[in-house]
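Architecture at a glance
Now for the letters of each chain:
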Amino acid sequence: MKIARFSRVGFILAAAGSAVGLGNIWKFPYIAGEYGGGAFVLVYLLTVLLIGFSIMIAEMLIGYMGRRDTVSSFEELAPTKKHLWKFGGFQALAGLCIMIFYSVVIGWIFNYIVTSFTYLPATMQEAENVFGSMLHSDFTTQFTYHTIAFLWITYVLNRGLKGGIEKMNFFLMPALMIILGGMFLYATTLGAFSEALHFMFYPNFSKINGEAFVTAVGHAFFTLSLGMGAIMTYSASLEKDANLVKNAFWVVFLDTAIAIVAGLMLFTFLYQYGSGPAKGPGLVFISLPAAFYEMGIIGNIFAILFFIALAFAGLTSSVSLVEPMVQYFIDRFSWSRLKASVLMGLFFWFFGIFAILSNIDGAKEYLTWGSKNFFDWVDYITAAIMLPLGGLIMAVFVGFIIPKNRVESIMRPQLRWAFDAWYFSLRYITPVAMFVVMLSLMGVL
Ligand code: TRP
């Protein structure tokens, strides 16, 4: 099976498009807010640098050496016990599971783009009511926009790696950076910018505890798209002479830079016009629209642009969440791309309906088990168990299973003096860190 090749810039944009997603613009600011800002940001940055960067290289390496879908790549590269190691590749299923709620959230964003043209909530209370009534009683709106997200993603996947994924990233990623960059520049002219800077970068260590630490590590994984084979699948289409370290550097750099720019901008607006660094997942859907209202007409324009940028970030990540399974069925079962894209799309579309229903009054009672509804369970199982497990498997696979001389012959020329540190980190530091994260996210620690 011959795989289409990304262009050099195309790969970086697509991989950065995967990494830069709802995690950066929606999730990062509110968890940074929750754990008190500065110190949390510092832990997150250190994790990205020390663990994220080295797993990013490892995941790229598996795809680059394997050259096929995730399952075949594991199978191909394992020197023995191939039938066992191939299960490492089924980690790709995590992406489809993430899509079950990711697509629903993109639907909310579509809805917010449309309503921002004519309406912004005047108070926090009103903003809360608007979000709450969409979430708890408006099935039709959520269903319609979730379906639009599904159609869009399936269409792009069906167009293939170059004509679909690369092309979409080629337009949406620069557009996203221009929108966020422009709004960021505006934010720097506001008085509250220095407060935002202080909040994000002045480390207050009293707020840092084990939980903050673990959340930072887990988030570093999610935001860099590590642990489920998205980066791996894209890397199977790298040029033969590609430099993995440089590619990994660019992806990590863009992802981190965009998270920080988005965070500074949001906190500036919230300090200047809103209620300060709001906490919780409602930050961009509740506190932010209320702050935009205070800005007057420019607030409407900003709201529309902001939600467009957020939708772009979500869509470029979505295709990377589904593509690994699409590639799997094309490679291993010789399905046509059309069939693979449509069936994978229908999978997350169908279960997404239950994710919507699990917040709707009257239905949620049937879709709640224990403390969480279906939506939250899917989020939790993917982020707390599947991704860290995937990261662990990849680190161990590159660190212990692929023969060292094969890894070394590719990576030493690229990493030079840093090779030994990278290899050591994969073998010992990363597995231990991932294991601890998993246990504590699962509530064992
Ligand atoms: N990184 C994306 C975000 O920040 C989400 C994402 C896309 C992802 N592809 C992934 C997470 C693969 C884990 C694995 O929103």
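These lines cover the structure that appears in this document, whether it is placed above or below. (Residues numbered from 1 in each chain as written. Predicted model: local features only at pLDDT ≥ 70, side-chain atom pairs only at ≥ 80, totals over all residues. Heavy atoms only, no water.)

A word on the overall build of the chain. Helix and strand counts for the chain stand at 19 helices and 2 strands. In terms of C-alpha radius of gyration, the chain reaches 21 Å, essentially the compact-globule figure of 22 Å for 445 residues. Oriented by its inertia axes, the alpha-carbon framework of the chain measures out at about 65 × 45 × 45 Å. Approximately 17000 Å² of the chain is accessible, and the part contributed by carbon and sulfur atoms is 69%. In the chain, the 26 positive side-chain charges and the 23 negative ones have mean positions that sit 14 Å from each other. (Helix = DSSP H or I, 4+ residues; strand = E, 2+ residues; numbered from the N terminus. Rg over C-alpha atoms; globule rule 2.2 N^0.38 Å. Areas by Shrake-Rupley, 256 points an atom, 1.4 Å probe, with all protein chains shown as cover. Lys, Arg positive; Asp, Glu negative; His and termini not counted. Charge placed at Lys NZ, Arg CZ, Asp CG, Glu CD.)

Locating Phe302 in the fold gives a position in helix H15 (residues 297-333). Residues Phe302 and Phe292, spaced 10 residues apart in sequence, show a C-alpha to C-alpha distance of 7.2 Å. With residues up to four places along the chain from it excluded, the contact list for Phe302 reads Met183, Tyr186, Phe269, Phe292 and Met295. (Contact = heavy atoms within 4.5 Å.)

Take the nonpolar core next. Counting 165 residues, the largest nonpolar core has Phe285, Phe292, Phe306, Met411 and Trp422 as the members making the most contacts within it. In terms of residue count, the dominant contributor to this core is H15 (19 residues). Excluding anything up to four places from it in sequence, Trp422 contacts Ser54, Ile57, Ala58, Leu61, Val398, Val407, Met411 and Leu415. (Core = buried A, V, L, I, M, F, W, Y, C linked by side-chain atoms within 4.5 Å. Buried < 20%, exposed > 50% of the residue type's maximum accessible area, 1.4 Å probe, protein only.)

Closest axis-to-axis distance for the helix H3 (residues 38-66)/helix H18 (residues 404-415) pair is 12 Å, and the angle between their directions is 125°. The orientation of H3 relative to H18 falls into the category oblique. As for the relative orientation of H3 and H18, their crossing is right-handed in sense. On the side of H3, the interface is formed by Ile57, Leu61, Tyr64 and Met65, while H18 contributes Arg406, Val407, Ile410, Met411 and Leu415. Residues that form the contact of H3 with H18 fall into these classes: 8 nonpolar, no polar and 1 charged. (Axes fitted to C-alpha atoms, helices over the stretch in contact; angles between N-to-C directions. Parallel < 35°, antiparallel > 145°, perpendicular 65-115°, else oblique. Left-handed = near helix turned anticlockwise from the far one by under 90°. Nonpolar A, V, L, I, M, F, W, Y, C, P; charged D, E, K, R; others polar.)

Before going further, it helps to examine the packing of aromatic side chains. The final tally for this structure, using the stated rule, is 48 aromatic pairs. Between the aromatic rings of Phe6 and Phe11, the centroid separation amounts to 6.0 Å while the plane-to-plane angle is 65°, which identifies the pairing as edge-to-face. Take Phe6 and Phe11: they sit in the same class, and that class is buried. Ring geometry for Trp250 versus Phe253: centroids 5.9 Å apart, planes at 90°, classification edge-to-face. (Phe/Tyr/Trp six-rings, centres within 6.5 Å; stacked < 30°, edge-to-face > 60°.)

At a minimum axis distance of 10 Å, the contact between H3 and helix H19 (residues 419-441) shows a crossing angle of 110°. Classified by the interaxial angle, the pair formed by H3 and H19 is roughly perpendicular. Of the two elements, H3 crosses H19, and the hand of that crossing is left-handed. Note on element contacts: H19 touches H3 through Trp422, Ser425, Leu426, Thr430, Ala433 and Met434, opposite Leu50, Ile51, Ser54, Ile55, Ile57, Ala58 and Leu61. Grouping the constituent residues of the contact of H3 with H19 by class yields 10 nonpolar, 3 polar and no charged.

Quick look at the site of the ligand now. Neighbouring residues of the ligand: 17 residues in total, closest Ala19, Gly23, Tyr102, Phe222 and Ser225. One of the side-chain nitrogen or oxygen atoms of Tyr102 is found 2.6 Å away from an oxygen atom of the ligand. In isolation the ligand offers 360 Å² of accessible surface; the protein chains occlude 100% of this area. Those elements giving two or more residues to the shell around the ligand turn out to be helix H1 (8-19), helix H2 (22-34), helix H11 (210-223) and H15. Taken together, the residues that form the shell around the ligand break down as 9 nonpolar, 8 polar and no charged. (Near = heavy atom within 4 Å. Polar contact = N/O pair within 3.5 Å; in protein donor to acceptor, adjacent residues only side chain to side chain.)

Let us now look at H3. Across its 29 residues, H3 extends 40 Å between first and last C-alpha, which sits within 8% of the 42 Å expected from 1.5 Å per residue. The axis of H3 is deflected most strongly, by about 40°, at Val48. One or two steps after H3, the chain reaches Arg67, where phi turns positive at roughly 65°. (Expected span 1.5 Å × (residues − 1). Bend = angle between axes of the 7 residues up to and from the residue.)

Looking now at the pattern of salt bridges. In this structure the tally under the stated criterion is 8 salt bridges. Between Glu75 and Arg332 there is a salt bridge, and its shortest N-O distance comes to 3.0 Å. Here Glu75 is found in helix H4 (residues 70-77), whereas its partner Arg332 is found in helix H15, with 257 residues between them in sequence. Notably, a salt bridge pairs Asp420 with Arg412, separated by 3.3 Å at the nearest N-O pair. Assessed through its relative accessible area of 42%, Asp420 is described here as partly exposed. (Salt bridge = Lys/Arg side-chain N within 4 Å of Asp/Glu carboxyl O.)

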